[in-house]
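Reading the structure
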Amino acid sequence: MARKQKQRSSRRRATKMARSADKHDLYQRAVQEPDADIPLIQRVFRNQFSRPARTLREDFCGTALLASRWVKRSNENRAWGIDLDPDPLEWGREHNVGKLKPDQAARITLIEGNVLDTTHELVDVTVAFNFSYFLFKERASLLKYLKCAYATLKPEGALILDAYGGAEAQRTGEESREVDDDLEYIWVQHRFDPISHHVTNYIHFEFSDGSEMRRAFCYDWRLWSIPEIRELLEEAGFTRSRVYWEGTDSKTGEGNDVFSPRESALDDPAWICYIAGYRQP
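Reading guide: rules and limits
Residues numbered from 1 in each chain as written. Predicted model: local features only at pLDDT ≥ 70, side-chain atom pairs only at ≥ 80, totals over all residues. Heavy atoms only, no water. Helix = DSSP H or I, 4+ residues; strand = E, 2+ residues; numbered from the N terminus. Rg over C-alpha atoms; globule rule 2.2 N^0.38 Å. Buried < 20%, exposed > 50% of the residue type's maximum accessible area, 1.4 Å probe, protein only. Lys, Arg positive; Asp, Glu negative; His and termini not counted. Charge placed at Lys NZ, Arg CZ, Asp CG, Glu CD. Phe/Tyr/Trp six-rings, centres within 6.5 Å; stacked < 30°, edge-to-face > 60°. Axes fitted to C-alpha atoms, helices over the stretch in contact; angles between N-to-C directions. Parallel < 35°, antiparallel > 145°, perpendicular 65-115°, else oblique. Contact = heavy atoms within 4.5 Å. Nonpolar A, V, L, I, M, F, W, Y, C, P; charged D, E, K, R; others polar. Polar contact = N/O pair within 3.5 Å; in protein donor to acceptor, adjacent residues only side chain to side chain. Pairing = 2+ DSSP bridges. Expected span 1.5 Å × (residues − 1). Salt bridge = Lys/Arg side-chain N within 4 Å of Asp/Glu carboxyl O. pLDDT = per-residue confidence, 0-100.

1. Overview of the overall build of the protein chain
When helices and strands are counted, the protein chain shows nine helices and twelve strands. Over its C-alpha trace the protein chain gives a radius of gyration of 20 Å, about what one expects of a compact globule, namely 19 Å for 281 residues. A principal-axis box enclosing the C-alpha atoms of the protein chain has dimensions of 80 × 50 × 40 Å. Here the protein chain holds 281 residues, and 46% of them are scored as buried. Distance between charge centres in the protein chain, computed from 41 positive and 45 negative side chains, equals 4 Å.

Here's what the structure looks like:
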């Protein structure tokens, strides 16, 4: 009996970090990089229009971390964040918007709503990051979203999307990465259908005490290719599109977080890029 009690006590200790962790905080720590995203957004916009972007719409914003950091960057910046799920939005109001100065918080608006029918004043830039628009599995539904995104923009505006792919994106398996000394991020490619390109992915978190938060986030979406996305952008009305491709570190062979406009690239088993669609007269 004493041995069983000791085993149960060890198991209780081993789940302490997972039980007390906040999945939204973990996601922001492990996945999001607004301090890298915002300079990229400004560079992509300035390359086309020779001026900085001042108004931003973050579609599928979740906790609106990007929108919150956007308004902190300049007292001229304003942002809107749109998401259907009230849970991350409420978390973002408390933990992100709630930490802004009053004048900064006054320049951000979070809306619980559908990106397909939420309207407000036109913006310089709309973004859909973390592959969120992949939830549109059919061509017609993605085209509808891109047309709606086009309608959110000023006469000179940009829609910026990210995308991923490569041979490794079409295989089941796991990839882990250390976030901090106490946290490991695990990306799980659970299922890939080569006919429909529908995929099921999960995010797990593992902690230094041995505990786990499994399937903290679940994704059921379509793996869209770059040519498909660019063709749909053109069909949606965008004047032109550009692909910003990640460079390669010569020493490690891994991505170097430097994205440059490209019209062709060498084969890469796992890649991430940004795609900008431009609206202009």
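2. Some points on the packing of aromatic side chains
Under the criterion given, the structure shown has 20 aromatic pairs. Relative to Phe49, the ring of Phe45 lies with its centre 4.9 Å away and its plane at 50°, an arrangement referred to as tilted. In this pair, Phe45 and Phe49 are both assigned in helix α4 (residues 34-49), four residues apart and thus about one turn of the helix distant. A relative accessible area of 9% means that Phe49 is categorised as buried.

3. A look at the packing of helix α3 (residues 23-30) against helix α6 (residues 86-95)
α6 packs onto α3 with a crossing angle of 75° between their chain directions and a minimal axis gap of 10 Å. Taken together, α3 and α6 sit at an angle that is classed as roughly perpendicular. Counted together, His24, Asp25 and Gln28 of α3 and Asp87, Pro88 and Trp91 of α6 form the full contact between these two elements. A per-class count over the contact of α3 with α6 returns two nonpolar, two polar and two charged.

4. With respect to the side chain of Asp124
Tracing the sequence through the fold places Asp124 in strand β4 (residues 123-128). Polar side-chain contacts of Asp124 include one of 2.8 Å to the backbone nitrogen of Arg54. Those residues in contact with Asp124, other than ones at most four positions away along the chain, are Phe45, Arg51, Ala53, Arg54, Thr55, Leu153, Lys154, Glu156, Gly157 and Ala158.

5. A closer look at the sheet that holds strand β9 (residues 212-222)
Two strands in a sheet stick together by hydrogen bonds in their backbones, pointing the same way (parallel) or opposite ways (antiparallel). Read across the open sheet, the four strands follow the order β6-β7-β8-β9; overall the sheet is antiparallel. Whereas interior strands pair on both sides, the edge strands pair on one side only; in this sheet they are β6 (173-180) and β9. On average, adjacent strands in this sheet sit at an angle of 20° to one another, irrespective of strand direction. Relative to strand β8 (residues 198-207), strand β7 (residues 183-192) is paired through nine bridges, and the arrangement is antiparallel. Along β8, the bridge assignment pairs Ile186 with His204. Running over the sheet, α3 touches β6, β7, β8 and β9 and is turned about 70° from β9.

6. Section: the pairing of β8
The element β8 is extensively covered by neighbouring structure, given that nine of its ten residues are classed as buried. The hairpin formed by β7 and β8 contains five residues between the paired strands, and His197 there has a positive phi angle of roughly 60°. Counting the residues between successive antiparallel strands, the hairpin from β8 to β9 contains four residues, one of them, Gly210, with a positive phi of roughly 95°.

7. Remarks on α4
Compared with the 22 Å implied by 1.5 Å per residue over 16 residues, the 22 Å span of α4 between its first and last C-alpha is a close match. For α4, every residue scored as buried is listed here: Pro34, Asp37, Ile38, Leu40, Ile41, Gln42, Val44, Phe45, Gln48 and Phe49.

8. Comments concerning the pattern of salt bridges
Within this structure, the stated rule accounts for 19 salt bridges. A salt bridge links Arg29 to Asp180; the shortest N-O distance between them is 2.5 Å. In this pair, Arg29 sits in helix α3 while Asp180 sits in strand β6, placing the two residues 151 residues apart along the sequence. Overall, Arg29 belongs to the partly exposed group, its relative accessible area being 35%. The class for Asp180 is partly exposed, based on a relative accessible area of 32%.

9. Points about the confidence of the model for the protein chain
Confidence in the prediction of the protein chain, expressed as mean pLDDT, is 94, and 95% of residues score 70 or more. Counted against residues more than four places away or in other chains, residues 1-10, with its pLDDT under 50, gives zero contacts.

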